[in-house]
Amino acid sequence: MPLKNDQYAEIMRVYDRRRMKHLEELNRKKESLYKEIPELITLQDAYAENASKRARAAILNREDEKKQLEKEAAELKEKRQLLLREKGLSEQDFEMTYDCPDCRDTGFINGEKCHCFVRLAVDLLYHQSHLESRLEKENFENLSFDHYSRKEENGRRSVYDHMKRIVARCREYAENFDRDGGNILFYGPTGTGKSYLSNCIAKALMDSCHSVVYFSAIDLVEEFEKTAFRYDSDIEEDRLNQFVLDSDLLIIDDLGTERANAFTIGKLFYTVNERALRKKSTIISMNMDPNLLADRYTERIASRILSDYEIMPLYGADIRIARRYSNN
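Right, let's walk through the structure included here. (Residues numbered from 1 in each chain as written. Predicted model: local features only at pLDDT ≥ 70, side-chain atom pairs only at ≥ 80, totals over all residues. Heavy atoms only, no water.)

Section: the pattern of salt bridges
Thought 1: Scanning all chains against the criterion turns up 20 salt bridges.
Thought 2: Here Glu172 and Arg169 are joined by a salt bridge, their closest N and O atoms 3.2 Å apart. In this pair, Glu172 and Arg169 both sit in helix H5 (residues 159–175), 3 residues apart, roughly one turn of the helix.
Thought 3: With a relative accessible area of 39%, Glu172 lands in the partly exposed category.
Thought 4: Through salt bridges with shared partners, one network takes in Glu10, Arg13 and Arg17. (Salt bridge = Lys/Arg side-chain N within 4 Å of Asp/Glu carboxyl O. Helix = DSSP H or I, 4+ residues; strand = E, 2+ residues; numbered from the N terminus. Buried < 20%, exposed > 50% of the residue type's maximum accessible area, 1.4 Å probe, protein only.)

Here is the structure:
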């Protein structure tokens, strides 16, 4: 997944800061060593003067002079090595260190992204997603089916079997995201796993360097309101639109809990519709029945979601309560 220009620029600024930090550290270290061992400065100046003379001799084709200067240069190097050994030092003490020696804090090795670049990209995407702390616990690796009922009720499969199928589909969605993408609508009662499953998908995608942005419906509306009514709203709104509209995956959690008015409904439709036009994937979770979407919002929003989204109903008891009681 190619990073956006601003994300790439932010990562490269990290490398710039790293190199600057290590250069400053090296300069301070050299200054301290030169104060402690002034003979090093004398040898360094002599070697620099010798190098200048060698270059001039080479240009003027003075072979005998060049050979004599090369011999002197070798002697100066040997004196420096002896002096360093006497002081318990080596040439490495005068070289720059790096956070990543493999790419020397450039981010690239032979034109390919270094492993540290990939790590930085993942960390940046986590930070920008608004999900950083939550995903440490809510991911496919930690997902457990222990608290789901295995009893069939009202003629439908058990919650356990249903969640097994839903989770398998979510894993498949994440694994095939680059090829298929697509939109998902999770709906069902509180505590049935809607947000958890969204976060599982989010972590899987961010670990493979996809950009994921999470907002609760309330927070998303508040962000739109803040940017719409500021003096610098043109700039801020452009930034928010880019953030919300251009991410590989947008998660809107708890749709239906936000204030529903002409402004929020218009912004919701714009977000959902524009992302569809840009072929960007979206996950929405909500408690309400999808058949009520048109009543709360508009037929246009309901039609767009019901026709373009893979609808995944969740049911059963509040799993968070079940976990709480089992841990007591």
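Notes on helix H6 (residues 194–206)
Thought 1: Its 13 residues place the ends of H6 19 Å apart at the C-alpha level, agreeing with the 18 Å of an ideal helix rising 1.5 Å per residue.
Thought 2: For H6, the full list of buried residues reads Lys194, Tyr196, Leu197, Ser198, Asn199, Cys200, Ile201, Ala202, Lys203, Leu205 and Met206. (Expected span 1.5 Å × (residues − 1).)

Quick word on the packing of aromatic side chains
Thought 1: This structure, assessed with the given rule, holds 7 aromatic pairs.
Thought 2: Here Phe145 and Tyr148 contribute two aromatic rings whose centre-to-centre distance is 6.3 Å and whose plane-to-plane angle is 50°, an arrangement assigned as tilted.
Thought 3: For Phe145, a relative accessible area of 17% puts it in the buried group.
Thought 4: Considering the side-chain rings of Tyr173 and Phe177, the 5.7 Å spacing of their centres and the 75° angle between planes classify their relative orientation as edge-to-face.
Thought 5: By relative accessible area, which is 3% here, Tyr173 ends up buried. (Phe/Tyr/Trp six-rings, centres within 6.5 Å; stacked < 30°, edge-to-face > 60°.)

Remarks on the side chain of Ser281
Thought 1: Mapped onto the elements of the fold, Ser281 is located in strand S6 (residues 281–286).
Thought 2: Apart from residues no more than four positions distant in its own chain, Ser281 is found in contact with Tyr173, Phe177, Gly181, Gly182, Asn183, Asp248, Leu249, Leu250 and Arg275. (Contact = heavy atoms within 4.5 Å.)

Quick word on the state of the cysteines
Thought 1: On inspection of all chains with the given rule, the structure shows 0 disulfides.
Thought 2: With no disulfide partner, Cys170 has as its closest neighbouring cysteine sulfur the one in Cys200, 7.7 Å distant.
Thought 3: Not part of a disulfide, Cys209 finds its nearest cysteine sulfur in Cys116, a span of 12 Å. (Disulfide = S-S within 2.5 Å.)

Looking at the sheet that holds strand S7 (residues 309–313)
Thought 1: Within the open sheet, the 5 strands sit side by side as S4-S5-S6-S3-S7. Their pairing is parallel. Each edge of the open sheet is held by one strand with a lone partner, namely strand S4 (212–216) and S7. Strand-to-strand, the axes of this sheet are offset by a mean angle of 15°, without reference to chain direction.
Thought 2: Judged from the 5 bridges that link them, S4 and strand S5 (residues 249–255) form a sheet pairing that is parallel. Residue Val212 lies in a different strand from S5, and its bridge partner there is Leu249.
Thought 3: Together, strand S3 (183–187), S5, S6 and S7 form the strand contacts of H5, whose direction differs from that of S7 by roughly 150°. (Pairing = 2+ DSSP bridges. Axes fitted to C-alpha atoms, helices over the stretch in contact; angles between N-to-C directions.)

With respect to the nonpolar core
Thought 1: Counting residues in each nonpolar core, the largest one holds 49 residues, and the members touching the most others are Phe186, Leu197, Ile201 and Leu249.
Thought 2: Secondary-structure elements contributing two or more residues to this core are helix H1 (5–36), helix H4 (115–129), H5, S3, H6, S4 and S5.
Thought 3: Among all residues touching Ile201, those that are not within four sequence positions of it are Phe140, Cys170, Tyr173, Ile184, Phe186, Leu249 and Ile283.
Thought 4: Formed by 25 residues, the second largest nonpolar core is a distinct cluster that contains Phe215, Ala217, Phe224 and Leu245. (Core = buried A, V, L, I, M, F, W, Y, C linked by side-chain atoms within 4.5 Å.)

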